[in-house]
Amino acid sequence: MEETLYNMKVAIASDHAGFKFKTRISKWLEEQGHNVRDFGPDSEDSVDYPEFAHTVCEAIEQGGTQMGVLICGTGIGMSMAANRHKGIRAALCKDGGTAEMTRRHNNANVLCIGARNTNPAILHDLLGAFFNTEFEGGRHEKRINKI
Ligand code: RB5
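It should be emphasised that the depicted structure is a prediction, and the values quoted were computed from it without experimental measurement.

**Some words on the overall build of the chain**
Next up, step 1: Regarding its fold elements, the chain presents six helices and five strands.
Next up, step 2: In sequence order, the chain lays out its α and β elements as β-α-β-α-β-α-β-α-β-α-α.
Next up, step 3: Taking 15 Å as the expected radius of gyration for a compact globule of 147 residues, we find that the chain reaches 14 Å, a close match to that expectation.
Next up, step 4: For the chain, the spread of C-alpha atoms along the three principal axes comes to 45 × 30 × 30 Å.
Next up, step 5: Counting across all 147 residues of the chain, residues that qualify as buried make up 48%.

What follows is the structure, given as structure tokens:
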């Protein structure tokens, strides 16, 4: 089947602080028809978020996986680690508006979320905006090439 915005391979990981959100987000992604690769962790035991960020980004860099989702307490550490990777444009999003704009203008391929500062009630709105919005290209293509 042709891969579309509705049928992507999505790599996901968190740290202990993002573990519960990871479960919710994986379920939502699967319900939307995406193929989810869960890179852990599998419990709320304390772990180091950069290891999980690097694993997800490497999966995208190797090809075949289009998008990533990384969740930690604030989302900041995950976004810092992910953006060390060439070809990764990780965006820390706080709501549907930021998620939509980073897809339209930055062609973000990794969504970072702060589990401790994101209201679970807006999670589906945020995810829908990120995963259902296309990159606009044009002048934005030139700009992301300068990153
Ligand atoms: C873990 O306590 C916390 O530091 C981590 O989840 C994240 O917020 C780092 O940026």
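**Concerning the site of the ligand**
Next up, step 1: Taken together, D15, H16, A17, Y49, C72, G73, T74, G77 and R116 are the residues near the ligand.
Next up, step 2: A distance of 2.6 Å separates an oxygen atom of the ligand from a polar atom in the side chain of D15.
Next up, step 3: At a separation of 2.9 Å, an oxygen atom of the ligand approaches a polar backbone atom of G77.
Next up, step 4: Alone, the ligand offers 290 Å² of accessible surface; in the complex the protein occludes 70% of this.
Next up, step 5: Of the residues in the shell around the ligand, the class split is three nonpolar, four polar and two charged.

**Things to note about the state of the cysteines**
Next up, step 1: Per the counting criterion, the structure on display carries zero disulfides.
Next up, step 2: Not engaged in a disulfide, the cysteine C72 finds its nearest cysteine sulfur in C112; these two sulfurs lie 7.4 Å apart.
Next up, step 3: The thiol of C93 is not disulfide-bonded; the next cysteine sulfur, from C112, is found 8.0 Å away.

**Examining the pattern of salt bridges**
Next up, step 1: For the structure on display, the rule yields six salt bridges.
Next up, step 2: The salt bridge partner of K22 is D38, with a shortest N-O separation of 3.1 Å. Here the residue K22 occupies a position in helix α1 (residues 19-31), and D38 occupies one in strand β2 (residues 35-38), the gap between them amounting to 16 residues.
Next up, step 3: A residue is classified by how much of its surface remains accessible, and D38, at 46% relative accessible area, is partly exposed.
Next up, step 4: Of the charged contacts in the structure, one is a salt bridge between E31 and K27, with a shortest N-O distance of 3.0 Å. Residue E31 and its partner K27 are located together in helix α1, separated by four residues, close to a single helical turn.
Next up, step 5: Several salt bridges converge on common partners, so that one network encompasses E100, R104 and E136.

**A word on the pairing of strand β5 (residues 110-114)**
Next up, step 1: Of all five residues in β5, five are buried, a share of seventy percent or more.
Next up, step 2: The side-chain alternation of β5 yields two buried faces, one formed by V110, C112 and G114 and the other by L111 and I113.
Next up, step 3: Two strands pair when backbone bridges link them, and strand β4 (residues 90-92) and β5 are joined in this way by three bridges, in the parallel orientation. Bridging across to β5, A90 finds its partner in V110.
Next up, step 4: Crossover connection from β4 via helix α4 (residues 96-106) to parallel β5: handedness right-handed.

**Observations concerning unusual backbone geometry**
Next up, step 1: Note the cis peptide between G40 and P41, where omega equals 0°.
Next up, step 2: In this fold, P41 is placed in the loop between β2 and α2 (49-61).
Next up, step 3: Unlike most non-glycine residues, N107 shows phi in positive territory, near 50°.
Next up, step 4: Tracing the sequence through the fold places N107 in the loop between α4 and β5.

Cut-offs applied
Residues numbered from 1 in each chain as written. Predicted model: local features only at pLDDT ≥ 70, side-chain atom pairs only at ≥ 80, totals over all residues. Heavy atoms only, no water. Helix = DSSP H or I, 4+ residues; strand = E, 2+ residues; numbered from the N terminus. Rg over C-alpha atoms; globule rule 2.2 N^0.38 Å. Buried < 20%, exposed > 50% of the residue type's maximum accessible area, 1.4 Å probe, protein only. Near = heavy atom within 4 Å. Polar contact = N/O pair within 3.5 Å; in protein donor to acceptor, adjacent residues only side chain to side chain. Areas by Shrake-Rupley, 256 points an atom, 1.4 Å probe, with all protein chains shown as cover. Nonpolar A, V, L, I, M, F, W, Y, C, P; charged D, E, K, R; others polar. Disulfide = S-S within 2.5 Å. Salt bridge = Lys/Arg side-chain N within 4 Å of Asp/Glu carboxyl O. Pairing = 2+ DSSP bridges. Right-handed = clockwise from strand over helix to strand, strands pointing away.

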